[in-house]
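What follows is the residue order along each chain.
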Amino acid sequence: MAMNEEEQSKVTRESFVATWEALVNGGISREIVAAIAMSMALAELTSLFGKAVTAHGLEKLPDTIRSGAFDAKK
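Residues numbered from 1 in each chain as written. Predicted model: local features only at pLDDT ≥ 70, side-chain atom pairs only at ≥ 80, totals over all residues. Heavy atoms only, no water.

Thoughts on the pattern of salt bridges
Part 1: Taken as a whole and judged by the stated rule, the model has two salt bridges.
Part 2: Glu14 serves as the salt-bridge partner of Lys10, at 2.6 Å between the closest nitrogen and oxygen. Of this pair, Lys10 and Glu14 both sit in helix H1 (residues 5-25), four residues apart, which is roughly one turn of the helix.
Part 3: For Glu14, a relative accessible area of 46% translates into the label partly exposed.
Part 4: Among the ionic pairs, Arg66 bridges to Asp63, the shortest N-O distance being 3.2 Å. Of this pair, Arg66 and Asp63 both sit in helix H4 (residues 61-66), three residues apart, which is roughly one turn of the helix.
Part 5: Classification of Asp63 by relative accessible area gives exposed; the value is 53%. (Salt bridge = Lys/Arg side-chain N within 4 Å of Asp/Glu carboxyl O. Helix = DSSP H or I, 4+ residues; strand = E, 2+ residues; numbered from the N terminus. Buried < 20%, exposed > 50% of the residue type's maximum accessible area, 1.4 Å probe, protein only.)

Quick word on the layout of surface pockets
Part 1: Here the largest pocket is characterised by a volume of approximately 880 Å³.
Part 2: If you go around the largest pocket, you meet 16 residues; those closest to its centre are Phe16, Ala37, Met38, Ala41 and Phe70.
Part 3: Looking at the lining of the largest pocket, the elements with two or more residues in it are H1, helix H2 (30-49) and H4.
Part 4: The class makeup of the residues in the lining of the largest pocket is 13 nonpolar, two polar and one charged. (1 Å grid on protein atoms, 1.4 Å probe; cavity = no way out; pocket = protein on both sides within 12 Å on 5 of 7 lines; lining within 4 Å. Points joined across faces, edges and corners; volume = space filled by probe spheres on them. Nonpolar A, V, L, I, M, F, W, Y, C, P; charged D, E, K, R; others polar.)

With respect to H2
Part 1: With 20 residues, H2 extends 28 Å from end C-alpha to end C-alpha; this agrees with the ideal 28 Å at 1.5 Å per step.
Part 2: At the C-terminal side of H2, Gly50 shows a positive phi close to 90 degrees. (Expected span 1.5 Å × (residues − 1).)

A word on the confidence of the model for the protein
Part 1: Summary statistics for the protein give a mean pLDDT of 95 and a share of 99% for residues scoring 70 or more.
Part 2: The secondary-structure element of the protein with the lowest mean pLDDT is H4, recorded at 95, while H2 shows the highest, at 98. (pLDDT = per-residue confidence, 0-100.)

What to know about H1
Part 1: Taking 1.5 Å per residue as the helical rise, H1 with its 21 residues ought to reach 30 Å, and the 30 Å between its terminal C-alpha atoms agrees with that figure.
Part 2: With its phi angle positive at about 105 degrees, Gly27 sits one or two positions after the end of H1.

Considering the packing of aromatic side chains
Part 1: One pass over the full model with this rule turns up one aromatic pair.
Part 2: With 5.7 Å between their ring centres and 50 degrees between their planes, Phe16 and Trp20 make a pair best called tilted. Here Phe16 pairs with Trp20, and both are found in helix H1, just four residues apart, close to one helical turn.
Part 3: The class for Phe16 is partly exposed, based on a relative accessible area of 45%. (Phe/Tyr/Trp six-rings, centres within 6.5 Å; stacked < 30°, edge-to-face > 60°.)

In structure tokens:
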């Protein structure tokens, strides 16, 4: 049976976190992991939606970052 979007998000998040932790625990810096993850995500978004749509979707990213949307959860 196919997973719904919520289930897909949960499985993906859990797998991503486990992989991230394994890389960092294996000696890879968080900065390198983050840069590669961001680069791969942007490349995939560009492949899926094109350059113009991806760039447009990211226009508000600086304001979103400044608002604290990505602050570490406590």
